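# Structural overview
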Amino acid sequence: MHAMPTRLHTLFNLPDEGLPLVFLAPMAGYTNAPMRHISRHHGAALTYTEMTCDRGLLNASEKTWYLLETIKDEGPVVAHLYGSNPDSLAEAAAKVEATGRFVAIDLNAGCPVHKITACGAGAALIKNPQLIHDILKAMKSAVKQLPITLKTRLGPAPDKIAVFEILAAAESAGAGALAVHGRFTSQGHGGPVDLPLLAAVKERAKIPIIGNGGICSKHCAWTMLHETHVDALMIARAAIGNPWIFDDIRTTLQTGVEPPPFKPTGLRPQRDLDEIQRVLNEHLDLNLHFLNMLKEKYGVPRDDTAVQENLSAAFRCHLFRYLHGLKGSSYIRGRLFELQTLPAIREAVSSCLEREAGWRASRRV
Ligand SMILES: Cc1cc2nc3c(=O)[nH]c(=O)nc-3n(C[C@H](O)[C@H](O)[C@H](O)COP(=O)(O)O)c2cc1C
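Bear in mind the structure is a predicted one, so any value in this text is a computation, not a measurement.

## Digging into the overall build of the chain
- Counting its regular elements, the chain contains 15 helices and 9 strands.
- Radius of gyration (C-alpha) of the chain: 21 Å, near the 21 Å computed for a compact globule of 365 residues.
- Looking at the chain as a whole, 56% of its 365 residues qualify as buried.
- A separation of at least 24 residues holds for 70% of the contacts in the chain among residues at least 6 apart in sequence.
- Summing over all exposed atoms, the chain offers an accessible surface of approximately 15900 Å²; the carbon and sulfur share of this is 53%.
- Across the chain, the mean location of the 40 positive side-chain charges is 3 Å away from that of the 36 negative side-chain charges.

Following this line, the structure appears as structure tokens:
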């Protein structure tokens, strides 16, 4: 099914590697250029920026434009915007296209956070497919050639399915693809993903459908792909501190053999400790490089001390996911406030990995 180039390959201009398409989902506070770079180099065919406000872009707010900064060798990236006004989103889309950094521009119609929905954006749009249509149409007319796509949910609540009307709105507005998080707004990010409904969306769609929600293992990926036949899979939380998930999933799906069921122990597959250290250090270095780039370009962070502070604060959430389940990780948690500089983080990582190595060695004898 996935050995042939799909319409998504053409839409996003992706090379055909004969492997299923697995994307990194947009995540505010996480999917900055370094995380996208790491994900890309572990098999994500496409990545999304953090959620970016249309009005912030139009007001030339530096904090907003930061979110759309890219670094070298990131691979194809989609700019992910939110807003609720067709005119301002159209104007913002034209500005985003002019940067020349992206392969598509995506509209957020799924974020349930109050700050976003209170402005009529994110998941608030799910209740108004006509407005989704008008926004997508305005964005499409404003750009010269980039595809416009949409990311949404199944509906506000299980008794209010809206995804079919949203699909029709997206198609008639000329959207290139639809990413569907297979949960309802009322579920937030938890609870079951409705695969039969996702399959029905795929069945009805004339545009490619990207399936998202609850993919945390090779088996989850296999199940979504085989039960829904979506054109690509999109992973969010399971990729934090775990970039290996992309290649794991792609190569497993390529074999055509169903992987063993996922045991929900909360633990990830045991990785080689040198590999964890190597990738974690690479991710840290990329963050440092990225922040220094922002310092040069915008003057914020203002100096090297601010760069280190910013780095240690922003990297903590990644750090714990990289070290998740390892013996020394609770020790690091206890020393959280000592981790204010890059050398302190590196030192803490080494001591955690040493503890885990000692424990693994003791299990072998
Ligand atoms: C911390 C965090 C930030 C997120 N930010 C966004 C966002 O900016 N835009 C968006 O469309 N979805 C956002 N999401 C939702 C994810 O893209 C995804 O739809 C959801 O987490 C389900 O996928 P998963 O089960 O693989 O995590 C976010 C999720 C998390 C956990």
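## Observations concerning the site of the ligand
- Taken together, 17 residues sit near the ligand, with Pro26, His80, Asn212, Gly214 and Arg237 positioned nearest.
- Taking His181, its side chain carries an N or O atom lying 3.4 Å from an oxygen atom of the ligand.
- A distance of 3.0 Å separates an oxygen atom of the ligand from a polar atom in the backbone of Ala236.
- Protein chains shield 89% of the accessible area of the ligand, which is 610 Å² for the free molecule.

## Thoughts on the nonpolar core
- Membership of the largest hydrophobic core comes to 114 residues, with the highest contact counts inside it found for Phe23 and Ile210.
- Per element, the largest residue contribution to this core is 10 residues, and it comes from helix H12 (residues 273–298).
- If you count residues domain by domain, this core takes at least three from each of domain 1 (7–255) and domain 2 (273–364).
- Residues contacting Ile210, with those up to four places away along its chain left out, are Leu8, Phe12, Phe23, Tyr48, Ala177, Leu178, Ala179, Val180, Ala232, Leu233 and Met234.
- Core analysis: the next-biggest nonpolar cluster, separate from the first, contains 6 residues, Met51, Cys53, Tyr82 and Ile116 among them.

About the cut-offs
- In this numbering scheme, every chain counts its residues from 1 along its sequence in written order.
- Confidence filtering applies because this is a predicted model: local features only for residues at pLDDT of at least 70, side-chain atom pairs given and counted only at 80 or more, and all residues used for totals across whole chains, interfaces and linings.
- As a convention, hydrogens and water are excluded, and side-chain values are obtained from all of the structure's heavy atoms.
- For the purposes of this entry, the term helix denotes a DSSP run of H or I that reaches at least four residues, the term strand denotes a run of E that reaches at least two, and both are numbered from the N terminus.
- Radius of gyration means the value over C-alpha atoms here, while the globule rule gives 2.2 Å times the residue count to the 0.38 power.
- Only protein chains enter the area calculation, which uses a 1.4 Å probe; residues under 20% of their type maximum are buried, those over 50% are exposed, and those in between are partly exposed.
- Throughout, a contact is declared for two residues whenever any of their heavy atoms are within 4.5 Å.
- Here the accessible surface of atoms and residues is derived via Shrake-Rupley with a 1.4 Å probe, and residues count as covered only by protein chains that are part of the display.
- Here the positive residues are Lys and Arg and the negative ones are Asp and Glu; neither His nor the chain ends is included.
- Working definition for charges: the position is that of NZ of Lys, CZ of Arg, CG of Asp or CD of Glu.
- One heavy atom suffices: a residue is near a molecule or strand as soon as one of its heavy atoms comes within 4 Å of it.
- Counting of polar contacts relies on pairs of N or O atoms within 3.5 Å, with two restrictions inside protein: one atom must be capable of donating a hydrogen and the other of accepting it, and residues adjacent in sequence are counted only when both atoms are side-chain atoms.
- Definition of nonpolar core: a set of buried residues of the types Ala, Val, Leu, Ile, Met, Phe, Trp, Tyr and Cys, connected through side-chain atoms within 4.5 Å.
- Source of the domain bounds: an automatic or database domain assignment.

Nothing here speaks to function; it is geometry throughout.
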